[in-house]
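# Structural overview
What follows is each chain in one-letter form.
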Amino acid sequence: MYSLLDTFISWFVLIFGVGAPLYVIFKAIGFNGFREITVYSKYNTFLYRVNPAIKIVFAVVIMMVVTTTIWWIGAILTVAVLSLYITLEHGKRKLYIGSLFIMSTLVGSLWGYAPFVTYSTLSVVFPHFTPDVIWTWPSYFAIMGYQHVLTLQALKYSFQISFRSTAIMASALLLVMTNTPSQILRTLHRFHIPDPILFSIMVAMRTVSFVLEYLNESIKIQMMRGLGSKHSKYLKPIFFFIAAMQGLVPTIIHIMRGGKDTGISADTRGFRATKKRSYVESVPINRLDYYVLAIVVVLIVMDVAINIMGFGRTIPYN
Amino acid sequence: MLNIDMIKMGFNGIAGNLSEPGIIPWPIVAIYFALASLFLFYIARKNGSLSRFKTVDYVYVGIGAAFMIVWNFFVGPFLDKFVPSGAASFIGFGSLGQFVILLIVIGVVRKVGVGMLGWAIYDILADIYSYGFGGEPIYLIYKMFAFGIIMDLWIAATRGKPFGIGSGKTSNATDAGAKAPAGSSGFVSASGASAGIGSFLSKPKVIPVIAGIVMGIPYAIAGPLFFTGFFAPLLYGGIVDWQAIIFGMYASLPSFLIFGIIGSFIAARVSKVLG
Amino acid sequence: MSKAIEINNIEFAYLGSSDKSLSIQEFSVEEGESVLITGLSGSGKSTFIQCINGIIPHIIDGTFAGSVKIFGTDTKEMKVPEISRTVGTLLQDPERQVINYTVEEEVAFAPENFNIPAAEIKEMVNNAISSVGIDHLKGKETLKLSGGELQRVALASVLTMDPRILILDEPTSNIDPEGTNQIFEFLRKEVGKRTLLVVEHKVERVLPFIDRVVVFDQGKIVVDDKKENILNDVTLLEKLGIEIPENMFLAKKMGLESYDIETVSQYIYENKIALKMPERKKGGELSLRTSGNVKYDTGFDLNFNLEFKSGTITAIVGKNGSGKSTLFKGLIGWLDDMHQAVSDVKIETPEKVIKDNNIAERGKIIGYLPQSFDLMLINRTVKRELHYSRRVRGNSNSDSDIERITKLFTLEKYMDTDPLMLSQGQRRRVAMAATIAGGPKIILMDEPTSGQDYYHKKNLGDEIGLLKQMGYTIIMVSHDMRFAFHYADRMVVLDSGKIVADGTPEEVFDSSEVYGLLPPAEFSLRRGIIV
């Protein structure tokens, strides 16, 4: 017999799984926090001096290591990369926001997988699989695709796969926080990506910040005008979402209206005048970059060694 | 012993696995992409819808890509939390949002190539912000040719009027100081005809509905077909399950149709406002 | 002197429009000449300059006829990048022009496009930066600059290629008084060095250093006269909706040869002519009391204690970074405690006290009209926009209240129109009407005159005047000193987070120059009398 308390706990767990990442994303991080970890800000510690190309190589190698080794390597690398945030401008705050963001991703994917993992998947992941049931869901949860029970193995599996993207995400954000878009694009320029495409990416990177700012403004104005005020404050995230949806079209139109001037301004400053474009600031490879490259090599060697030692990837993707 | 997965990942996270049971043979994928591109070029040239991109077009695409980034990393995941896993095959707000945003961009730019360009810019941006160029350039090719080309074919087929917004003559008198935006005449026939099917198509609400359907159906098909059937095994040895692919197509069809139509109306509105 | 610009029989109609947006038979500018171009929004000024810098016919689609020659070469025969080496163009909104992250990157954008060697570019960048006087901004991030600073960065980036013709299209419409002064100061120094075309509504600020005035109306040049003859045209200019400084009117009326403020003031003083002062209201009941402290992690600290009365208009003024926007954000509860600032802003009305940052609660008392008012137009029709607050909040506004607001803002014929399809002036009115329809009696307006011409500013002034009569408390942040002089009952000056002056505009303008706020001509004319 499923008691009232069990029902309450089941619903609490379900709401926690959905609500906790949402709370973290919207209340603790917010648009401003998100903006802070996605936009370059000038500072002068060693990460700002590392060539963006080397950082891209670093991110790619992190991705390779994480996807080919056991989960806890990914976890260690996530913590290691995140800890570098402390060296950035407003390092403590960026570390805090970055950690919240990674945590919300972890909790989100943990609860996005755990209740739904089938026994067949778990038996591939865990040889000699015997389920350790830690909770039984109400039968009607099956409508949402929940398995009948939540097992310890499902939690473990979900926790482990959650680390697949976090280290990559943390190192990618490091790139955008420590390099101006034009520095990144100069690097991409070496791969012969056409200038108009690079220009478009540069516009996009600058616009991300405006999108967050204006969307935030549109949402707040709607709240001021009374959206959601007749309802419980616990429904605020729903109305936040409604406001974001309603604000999308005016925000797009507002930014695109300015886009015409951006185009004219670029055209009247000779954009696409010649096939080849020069760059005033070169992004040279310096001694620091060789150190980072050495770390990259160490990571690759470590990857091979870890696999030889039997700590390679043990969890299938599908 | 070296773990087999290590070999499978290969360079830059690309396993290069082309022999997974059930995988679509790579020549078929390559031929489809090549033929689709040639066909696109052919009809675009034939009906005169090939025109050169202006700087402002690159600006619009960049703005659209910025919205896609914010959507994909901030708004989309938030919405997807509300979708029960059982329904996740039917509705994925992350990809639907990107679809709608790109519809808006193609409505504003209205030039053949904007669909593929939009996906390319978004893909590079997503790598910069989150994915770290893992699996590239395969993802870039996948997104441009599986999704972007669908939109470009529709732009070519409608002669640069994907949502019926045209450039018919109009008087620009509004109020003091106001200037009517170019192309603000509303919806005109995609074929330019004034009777029969042309008259039917000239109804303001018809073209966005058709556009939503014509682009929504292939979008729903392209994801499961190309990704699960080819790119997933190619990239990381994903298992090809044709039942899952067919189910995926059926399951995502209604949401892509609905969002395709809604998105087309929004795109028509935005392009009308911006001219 | 050779001809810098020669125009013959040009006509242009935008794609999709059967009406001609521009029609000019003959027009020319000598090399080194400085020309003021003015006219109402939509009169054809921007279309005209786009014909000169080649955007028309090369970029903007439409029907173009005639010829525009730049130093003898037809723009049709050149590409836009080629034209841009001779014609530099600075646009209105710096935020829309600047693309790069650092000041140097932005200033180097043009020479990089021409594939000039890096060493040469560095020199060009340094020269351009110095010529605009922004050496102190080197190395800074463009996203963190004020509007005025950003506009000067944009100007430097136009100047890197050292264009022989410089076009400035309403360069001060969106920036602060300090930035405006610096742009005009730069222009003053540039006179004669290159050909200048300045599109500007602030006629009085530009007149001292230009040679010629050209006025547009409905796509045609209706006035093209030397500056010295401008007094003869003032009546016509006013009819065309051009903001004419009062000293010019008075000079014409009094038969004076010079219209400079000192001459006119002297004449007024000597002849004991009484000039009418705008009426200032003390207001009725106390409608809002607010006090607070906001601390940013940058060290910026804002302290204030203010009271506002019903039926009054207050202008909050001050330099960039003085705390105006922070004050507004504090009042409406928008300051994000975790990432931006620690704020403690209390608002108090006769009925209610709010201490926390509850946006919805504050929104019941205070209506907010942002500078980017498009962001609040979320509904498909004007009617739905005006009914929005009633729908979502269930406030006490009845249909007849909303009808009254509709009439007040003359929106009756647009009720079923998509608000985003309207002109800028109409959209501003819809946003304002929707704010009022939300029910609050205290209205905050952030830079309501930004980017607007005289005609639209006057409409706005009339509208807020009516709201004042109806008992509303209007509080606006403004860079527009002339607007504040004409319409505000009270001015509050902020400087480095502190209130440094608070009084009627006359009282404040008496010493406002200390805070970088130049009084308008109207005040200066009257100051003589006051003395």
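Small disclaimer: the values here were computed from a predicted structure and weren't measured. (Residues numbered from 1 in each chain as written. Chains lettered and ligands numbered in written order. Predicted model: local features only at pLDDT ≥ 70, side-chain atom pairs only at ≥ 80, totals over all residues. Heavy atoms only, no water.)

### What to know about the overall build of chain B
In terms of helices and strands, chain B carries nine helices and zero strands. Secondary structure elements of chain B, listed N to C terminal, follow the sequence α-α-α-α-α-α-α-α-α. Residues classed as buried in chain B amount to 59% of the 275 residues present. Residue pairs in contact within chain B that sit at least 24 positions apart in sequence constitute 77% of those at least 6 positions apart. Accessible area of chain B: about 10300 Å², with a carbon and sulfur share of 70%. (Helix = DSSP H or I, 4+ residues; strand = E, 2+ residues; numbered from the N terminus. Buried < 20%, exposed > 50% of the residue type's maximum accessible area, 1.4 Å probe, protein only. Contact = heavy atoms within 4.5 Å. Areas by Shrake-Rupley, 256 points an atom, 1.4 Å probe, with all protein chains shown as cover.)

### Quick notes on the interface of chain C and chain A
Taken residue by residue, the interface counts 68 residues in chain C and 66 residues in chain A. Interface of chain C and chain A: buried area, both sides summed, is about 6300 Å²; carbon and sulfur atoms make up 57% of it. For the pair chain C and chain A, the number of links is six salt bridges. With a closest N to O distance of 2.8 Å, arginine 257 of chain A and aspartate 374 of chain C form a salt bridge. Sort the elements by how many residues they give to the side of chain C that touches chain A and helix α16 (residues 382-393) of chain C lands first, with six residues. For the side of chain C that touches chain A, a count of residues per class yields 34 nonpolar, 18 polar and 16 charged. (Buried area = accessible area lost by both parts, 1.4 Å probe. Salt bridge = Lys/Arg side-chain N within 4 Å of Asp/Glu carboxyl O. Nonpolar A, V, L, I, M, F, W, Y, C, P; charged D, E, K, R; others polar.)

### Regarding empty space enclosed by the protein
Scanning the model with the defined rule gives nine cavities of 30 Å³ or more in all. Of the voids in this model, the largest cavity is the one considered here, and its volume is about 160 Å³. Forming the boundary of the largest cavity are 15 residues, of which Ser182, Met202, Arg277 and Tyr279 of chain A together with Glu112 of chain C lie nearest the centre. Elements with a contribution of two residues or more to the lining of the largest cavity: α8 (181-189) and α9 (195-224) of chain A. It is α9 of chain A that provides the largest number of residues to the lining of the largest cavity, a total of four residues. Counted by class, the lining of the largest cavity contains seven nonpolar, two polar and six charged residues. (1 Å grid on protein atoms, 1.4 Å probe; cavity = no way out; pocket = protein on both sides within 12 Å on 5 of 7 lines; lining within 4 Å. Points joined across faces, edges and corners; volume = space filled by probe spheres on them.)

### Points about the packing of aromatic side chains
Two descriptors summarise a pair of aromatic rings, namely the distance from one centre to the other and the angle between the planes of the rings. Using the criterion set out here, one finds 47 aromatic pairs over all chains in the structure. Between tyrosine 142 of chain B and phenylalanine 231 of chain B, the aromatic rings sit 5.0 Å apart at their centres with planes inclined by 50°, giving tilted as the arrangement. Of the two residues, tyrosine 142 of chain B sits in helix α6 (residues 138-157) while phenylalanine 231 of chain B sits in helix α8 (residues 206-236), which places them 89 residues apart along the sequence. With respect to class, tyrosine 142 of chain B is no different from phenylalanine 231 of chain B; both count as buried. Geometrically, the ring pair formed by tryptophan 334 of chain C and tyrosine 368 of chain C is edge-to-face, given 5.2 Å between the ring centres and 75° between the ring planes. Pair noted here: tryptophan 334 of chain C is in the loop between α14 (324-331) and β14 (341-348) and tyrosine 368 of chain C is in strand β16 (residues 366-369), with a separation of 34 residues, a long-range link. Like tryptophan 334 of chain C, the residue tyrosine 368 of chain C is buried in the burial classification. When the ring centre of phenylalanine 114 of chain C is taken as reference, the NZ or CZ atom of arginine 85 of chain C above it lies at 4.5 Å. (Phe/Tyr/Trp six-rings, centres within 6.5 Å; stacked < 30°, edge-to-face > 60°. Lys NZ or Arg CZ within 6 Å of the ring centre and 35° of its normal.)

### What about a nonpolar patch on the surface?
Residues and elements named next belong to chain A. On the surface, Leu5, Phe8, Phe12 and Phe16 cluster together into a nonpolar patch covering about 470 Å² of accessible area. You can see phenylalanine 8 is positioned in helix α1 (residues 4-36). Judged by relative accessible area, which is 57%, phenylalanine 8 ranks as exposed. (Patch = residues over 30% accessible without salt bridge, like charges linked within 9 Å, V, L, I, M, F, W, Y side chains within 5 Å.)

### Overview of the domain arrangement of chain A
All names here are of chain A. Domain parsing of chain A yields domain 1 (1-179 + 286-318) and domain 2 (181-284). Here the C-alpha centroids of domain 1 and domain 2 sit 27 Å apart. Facing the 17 residues of domain 1 at the interface are 15 residues of domain 2. Approximately 1400 Å² of surface area, both sides summed, lies buried where domain 1 meets domain 2, with 68% of it carried by carbon and sulfur atoms. Area buried by domain 1 at its contact with domain 2 is led by Phe31, Arg35 and Asn179, which between them contribute 41% of it. There are one salt bridge connecting domain 1 and domain 2. Among the salt bridges present, the one from glutamate 213 reaches arginine 35, with a minimum N-O distance of 3.5 Å. Where domain 1 meets domain 2, there are five residue pairs in polar contact (both at pLDDT 80 or more). Among the residues forming the side of domain 1 that touches domain 2, the class breakdown is nine nonpolar, six polar and two charged. (Domains from an automatic or database assignment. Polar contact = N/O pair within 3.5 Å; in protein donor to acceptor, adjacent residues only side chain to side chain.)

### Topic: the side chain of serine 171 of chain A
Residue and element names in this part refer to chain A. Here serine 171 is to be found in helix α7 (residues 152-178). Polar contacts involving the side chain of serine 171 include one to the main-chain carbonyl oxygen of isoleucine 168, which spans 3.1 Å. Ignoring anything within four residues of it in the chain, the contact list for serine 171 reads Phe58, Ala59, Ile62 and Val81.

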